[in-house]
Amino acid sequence: GNNETRCLLITGYAASADKQAMKAIEIPEDKYIAVSIHAYTPYRFTFYNNGNGDTKIWDESVKRDIDILFDDINELFISKGVPVIITEYGAECKNDRAGGEDNLNSRCKWVAYYVEKAKELGIPCVCWDNGIYNGSGERFGIFNRKELDWYEPEFVDAMINAAYDE
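Predicted model only: the values in this text are computed from it and were never measured.

(A) Broad picture of the pairing of strand 2 (residues 33-38). Taking burial as the measure, the six residues of strand 2 include five buried ones, the bulk of the element. Taken together, the three bridges between strand 1 (residues 8-10) and strand 2 define a ladder with parallel strand orientation. Residue pairing in the sheet places Leu 8 in a bridge with Ile 33 of strand 2. The sheet contact formed by strand 2 and strand 3 (residues 84-89) spans four bridges and is parallel. Residue pairing for strand 3: Val 35 is matched across the bridge by Val 84.

(B) Focus on the side chain of Asn 144. Relative to the assigned elements, Asn 144 resides in strand 5 (residues 143-144). If we ignore the near neighbours within four places in the chain, the residues touching Asn 144 are Asp 149 and Tyr 151.

(C) The arrangement of the side chain of Ser 36 in detail. As for its position among the elements, Ser 36 is in strand 2. Separated by 2.6 Å, the side chains of Ser 36 and Thr 87 make a polar contact. When residues no more than four places from it in sequence are discounted, the contact partners of Ser 36 are Leu 9, Ile 10, Thr 11, Ala 15, Ile 85 and Thr 87.

(D) Layout of the packing of aromatic side chains. Throughout the structure, instances matching the rule amount to twelve aromatic pairs. The interplanar angle of 70° and the centroid separation of 5.2 Å between the aromatic rings of Tyr 40 and Phe 47 together place this pair among those described as edge-to-face. Note on accessibility: Tyr 40 and Phe 47 belong to one class, buried. With 5.4 Å between their ring centres and 80° between their planes, Phe 70 and Tyr 114 make a pair best called edge-to-face. With Phe 70 in helix 3 (residues 60-76) and Tyr 114 in helix 4 (residues 104-120), this pair connects stretches of sequence that are 44 residues apart.

Reading guide: rules and limits
- Residues numbered from 1 in each chain as written.
- Predicted model: local features only at pLDDT ≥ 70, side-chain atom pairs only at ≥ 80, totals over all residues.
- Heavy atoms only, no water.
- Buried < 20%, exposed > 50% of the residue type's maximum accessible area, 1.4 Å probe, protein only.
- Helix = DSSP H or I, 4+ residues; strand = E, 2+ residues; numbered from the N terminus.
- Pairing = 2+ DSSP bridges.
- Contact = heavy atoms within 4.5 Å.
- Polar contact = N/O pair within 3.5 Å; in protein donor to acceptor, adjacent residues only side chain to side chain.
- Phe/Tyr/Trp six-rings, centres within 6.5 Å; stacked < 30°, edge-to-face > 60°.

Shown next, in the form of structure tokens:
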């Protein structure tokens, strides 16, 4: 039911936030279309690649990359009346694999800025949680499903506070 008025999300290649991939999206003439984007920005901060420009620390270059992302989304879609939803975003927990310092403080600054920028354009965001917090692999775990609590409540608080201007 309600298929005539149900919103349909469309994506570009791999739901990429790359400007060229977003530019290539062909949007049908339909008021019930929205664009879905996966935006792990900047990649060198949000994913662990163990070298090659990887960074754990929030700095102006991280901020600049987020500004560019949302400027591109605004230029290509929002300014033209096309709604956007970021259906995946996140910053991997980059605890030192040997058990040292983590980058929680930087990720809290990152998520607050990211959500604030999205909110300025009215873009809802869905934070990716793959359930992995410790060990190997892409560590995007936010909610501990076994203990029914947050791995890092500070990260969740930063996200919520940015969404509600607190």
